[in-house]
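Okay, here's what each chain looks like letter by letter:
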Amino acid sequence: MSSMITATTWVPRGFAAQFPTRREFDDEEFERIAALAKGQLDDAREDLDEAERAKDGTDGDEEDDGGEKEEDGGVEVKEDGGVEMELDDEEEEGKGSEQRKKEVDDDDLREYDLDNYDNGDDDAVSDEGEPMGMFNSIKNLAYHAPGEDDPYITLKDDEDEEEKEELQILSTDNLLLVAKTEDDTAQLEVYVYEDEADNLYVHHDIMLPAIPLCVEWLDVPVQSQTGSTPPAPIDKDARGNFCAIGTMDPDIEIWDLDVVDCMYPNAILGQGTVPTADGADGGSKKKNKKKRKKKAAKANDAYHVAAVTALAANRAHRNLLASGSADKTVKLWDLNTTQCAKSYTHHTDNISALTWHPRETTVLLSGATDRTVVAADMRAPDARVPRWGVETDVECVRWDPHDPNYFYISTEGGRLYLHDARNVPSTPAATKPVWTLQAHDKSCSAFSINPIIPGFIATGSIDKTVKLWSVATGATSGPSIVVSRDLGVGKVFSVGFPSDKEVGFRLAVAGSKGHVQVWDTSTNAAVRRVFAGRVPEVEGVVKERLVGLQDDSEESEDGGRIGGDGWESMDEE
């Protein structure tokens, strides 16, 4: 069984509901799902019809006219499309034998008069004189008034209480969103990380329509869509626990993380939600299939037409979500209306990474496989934008949360760059970084800057290693290596530090083997030496911990020992 994890992201503490609810499938929910799915069903039907027409055009010479019959192996196809079986003599003889046997069986059963079995005499009495009618003993049944519980039936309440307890999320728990593909199934798994108990488990999962490529947590409640009715505006003080997911499909799905067993997303950002001239959804009327397909293949200002590869939520303007796609465009979505507010074409190839400036909250940093990085003010779409160049395709971009004048770039060549945003080159070829680090021999597919501990960086690569780095403030020579590990997750596709100071040294790592590991880096001897004074004091011997989903009795693939408390020892011999 093959599986991989393509993206992860932490959810800060305090946003998840203590007791998530289960989606009740009522009439309103059914109408909502039917309205959102109508466009997709129409597409599927039209694709099927088109495939059948294409097949008829290809194989038409081999088929007879519709009015003729075809005979093959005793099967006759009639004009109305029905199928009639033609039996040979032996089959006819066998059929007659079965009919005679059935008649004999009917004669045996006739003596019991089963046809009148239910037409008994209601006035009949037993040998003891008790009535024998169907409802004559109903007075003996127990009756409980409305609202009164049957003292003998308590199982349901016990099950409800147990289920509620299983779904409970404590204020000290962290959620970790994991975009996972397993065989032909794509899903978003919602993990709960209990730091004090060193426990990591799957709380619930969400089925996805295609391979997920990126996931972004949202702190605003996005209202459900129902047909062409636009959702209500988001209150500026409203808080929510939602996420946006980009997949190989061009649509972006918005899910409520506090609802379990939900069958359909709260909202979809894409072609199916674009209003038409008559006010209906864009996906509801598609008469000309060829014309629609030709239009959908071309990038436009309303929706993506290729895989969604990057997402970035604006924490200051909370109703704004930026998305990047393989259609070479960056789009800005208004979550109040679930419509595209603006589309940008600053790149000439696939968008690979997006991130908002932490202070200049309208500036978006974008990287692409055209080997350039752009810092654009979303308020001025037509303005000339600053552009930096790198030697290979861009993998990730990040602003420095401790000094937003600087930003980092990781590339397919395994390098990590630090750039000063105030030094804009005249051309991308004239780019001069503050420093360059050859972090890995292969692609530096992921990196994370610790938002709690300044100068603490983690990088991950398809060479299957995770490396921790220390960057001195104002240093121009680049970071120094702290420790390198192979955590047994395969090719590393995602690394990330959480934003909560209580778990500031935890690092989530995931990759091509479909495993997630949470590494408590504060228990590593090298990290404790380099970041002395910032690491929590611990009495006694410190054992290095790696929390995952493995059984306590299993050993990790890199030879670590898993302890009885759920942590994995990675002590150096």
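Quantities reported herein were computed from a predicted structural model and do not represent experimental measurements.

**Brief notes about the overall build of the protein**
- Helix and strand counts for the protein come out as five helices and 35 strands.
- Taking all 573 residues of the protein together, the buried fraction comes to 45%.
- For the protein, the accessible area works out to roughly 31600 Å², and carbon and sulfur atoms hold 47% of it.

**Structural notes on the pairing of strand S32 (residues 516-520)**
- Counted residue by residue, S32 has five buried out of five residues, so it is predominantly covered.
- Side chains Val516, Val518 and Asp520 of S32 all project onto a buried face; the interleaved residues Gln517 and Trp519 project onto the opposite face, where all are buried too.
- By the bridge criterion, five bridges tie strand S31 (residues 506-511) to S32 in an arrangement that is antiparallel. Along S32, the bridge assignment pairs Val509 with Gln517.
- Linking two consecutive strands that pair antiparallel, namely S31 and S32, is a turn of four residues; a positive phi of about 80 degrees is found at Gly514 within it.
- Pairing of S32 with strand S33 (residues 545-547) involves three bridges; the strand directions are antiparallel. Bridging from a neighbouring strand, Val518 pairs with Val547 of S33.

**A few points about the nonpolar core**
- The biggest cluster of nonpolar side chains holds 22 residues, and the ones touching the most others in it are Phe456, Val466, Leu468, Leu507, Val509, Trp519 and Val527.
- Those elements that provide at least two residues to this core are strand S27 (456-460), strand S28 (466-470), strand S29 (480-485), strand S30 (492-496), S31 and helix H5 (525-530).
- Beyond its immediate sequence surroundings of up to four residues, Val527 is in contact with Phe456, Leu468, Val482, Val483, Phe505, Thr521, Ala532 and Val535.
- Listed in part, the 20 residues of the second largest apolar core include Ile169, Ala179, Cys243 and Val259.

**Observations concerning the environment of Ser522**
- Take Ser522: it is sitting in the loop between S32 and H5.
- The sequence separation of Ser522 and Val542 amounts to 20 residues, and the corresponding C-alpha distance is 9.3 Å.
- For Ser522, the contacting residues outside a window of four places in its chain are Phe505, Arg506, Arg528, Val535 and Pro536.
- Separated by 2.6 Å, the side chains of Ser522 and Asp520 make a polar contact.

**What to know about the environment of Ile254**
- Mapped onto the elements, Ile254 comes out in strand S11 (residues 252-256).
- Sequence spacing of Ile254 and Val215 is 39 residues, and the spatial spacing of their C-alpha atoms is 10.0 Å.
- Those residues in contact with Ile254, other than ones at most four positions away along the chain, are Leu218, Val222, Phe242, Cys243, Ala244, Pro265, Asn266, Ala267, Leu269 and Leu321.

**Some details on the packing of aromatic side chains**
- Taken as a whole, this structure holds nine aromatic pairs when the rule is applied.
- Measuring from ring centre to ring centre gives 6.3 Å for Tyr408 and Phe447, while their planes differ by 55 degrees; the resulting arrangement is tilted. Placement of the pair is Tyr408 in strand S23 (residues 406-411) and Phe447 in strand S26 (residues 446-449), with a sequence separation of 39 residues. Just as Tyr408 is buried, Phe447 falls in that class too.

**Focus: the sheet that holds S33**
- The strand order across the open sheet formed by four strands is S30-S31-S32-S33, and the pairing between neighbours is antiparallel. Of all the strands in the sheet, the pair left with one neighbour each is S30 and S33. Across the sheet, the mean angle separating the axes of adjacent strands is 25 degrees when strand polarity is ignored.

**Quick look at the side chain of Thr411**
- Looking at the secondary structure, you find Thr411 in strand S23.
- When sequence neighbours within four positions are dropped, the list of residues in contact with Thr411 reads Val390, Glu391, Thr392, Asp393, Glu395, Tyr417, Ser443 and Cys444.

**Comments concerning the confidence of the model for the protein**
- Taken as a whole, the protein shows an average pLDDT of 80; of its residues, 69% reach a score of 70 or greater.
- Low pLDDT (under 50) marks residues 276-296, which in the prediction has 36 contacts with non-local residues, meaning those over four places away or in another chain.
- In the predicted structure, residues 551-573 sits below a pLDDT of 50 and forms 48 contacts with residues beyond four places in sequence or in another chain.

**Thoughts on the pattern of salt bridges**
- One pass over the full model with this rule turns up twelve salt bridges.
- In this structure, Arg379 engages Asp377 in a salt bridge whose closest nitrogen and oxygen atoms are separated by 2.8 Å.
- In this structure, the salt-bridge partner of Glu544 is Arg485, at a minimum N-O distance of 3.7 Å. Highlighted residues: Glu544 in the loop between H5 and S33 and Arg485 in strand S29, separated in sequence by 59 residues.

**Remarks on a negative patch on the surface**
- On the surface, Glu161, Glu162, Glu165 and Glu166 cluster together into a negatively charged patch.
- Since its relative accessible area comes to 48%, Glu162 is described here as partly exposed.

**A few points about unusual backbone geometry**
- In this structure, Lys328 is a non-glycine residue whose phi angle is positive, near 75 degrees.
- The topology assignment puts Lys328 in the loop between strand S15 (320-325) and strand S16 (330-334).

**Comments concerning the sheet that holds strand S13 (residues 267-269)**
- Read across the sheet, four strands follow the order S9-S10-S11-S13 without closing on themselves; strand pairing throughout is antiparallel. If you trace the sheet from one side to the other, it starts and ends with strand S9 (212-218) and S13, each paired once. Going across the sheet, the axis of each strand differs from the next one's by a mean of 25 degrees, ignoring polarity.
- The pairing of S11 with S13 spans three bridges and is classified as antiparallel. When the sheet's bridge partners are listed, Ile252 is paired in S13 with Leu269.

**Remarks on the state of the cysteines**
- Counted by the stated rule, this structure contains zero disulfides.
- Sulfur of Cys444: no disulfide; nearest cysteine sulfur belongs to Cys396 and is 6.9 Å away.

**As for the environment of Val434**
- On the secondary structure map, Val434 appears in the loop between strand S24 (415-420) and strand S25 (435-438).
- We classify Val434 as partly exposed; its relative accessible area is 28%.

**Observations concerning the pairing of S9**
- By the criterion of burial, S9 is predominantly enclosed, with six of the seven residues buried.
- Pairing geometry for S9 and strand S10 (residues 242-247), over six bridges, is antiparallel. Across the sheet, the residue bridging to Val215 is Ile245, located in S10.

Reading guide: rules and limits
Residues numbered from 1 in each chain as written. Predicted model: local features only at pLDDT ≥ 70, side-chain atom pairs only at ≥ 80, totals over all residues. Heavy atoms only, no water. Helix = DSSP H or I, 4+ residues; strand = E, 2+ residues; numbered from the N terminus. Buried < 20%, exposed > 50% of the residue type's maximum accessible area, 1.4 Å probe, protein only. Areas by Shrake-Rupley, 256 points an atom, 1.4 Å probe, with all protein chains shown as cover. Pairing = 2+ DSSP bridges. Core = buried A, V, L, I, M, F, W, Y, C linked by side-chain atoms within 4.5 Å. Contact = heavy atoms within 4.5 Å. Polar contact = N/O pair within 3.5 Å; in protein donor to acceptor, adjacent residues only side chain to side chain. Phe/Tyr/Trp six-rings, centres within 6.5 Å; stacked < 30°, edge-to-face > 60°. Axes fitted to C-alpha atoms, helices over the stretch in contact; angles between N-to-C directions. pLDDT = per-residue confidence, 0-100. Salt bridge = Lys/Arg side-chain N within 4 Å of Asp/Glu carboxyl O. Patch = residues over 30% accessible without salt bridge, like charges linked within 9 Å, V, L, I, M, F, W, Y side chains within 5 Å. Lys, Arg positive; Asp, Glu negative; His and termini not counted. Charge placed at Lys NZ, Arg CZ, Asp CG, Glu CD. Disulfide = S-S within 2.5 Å.

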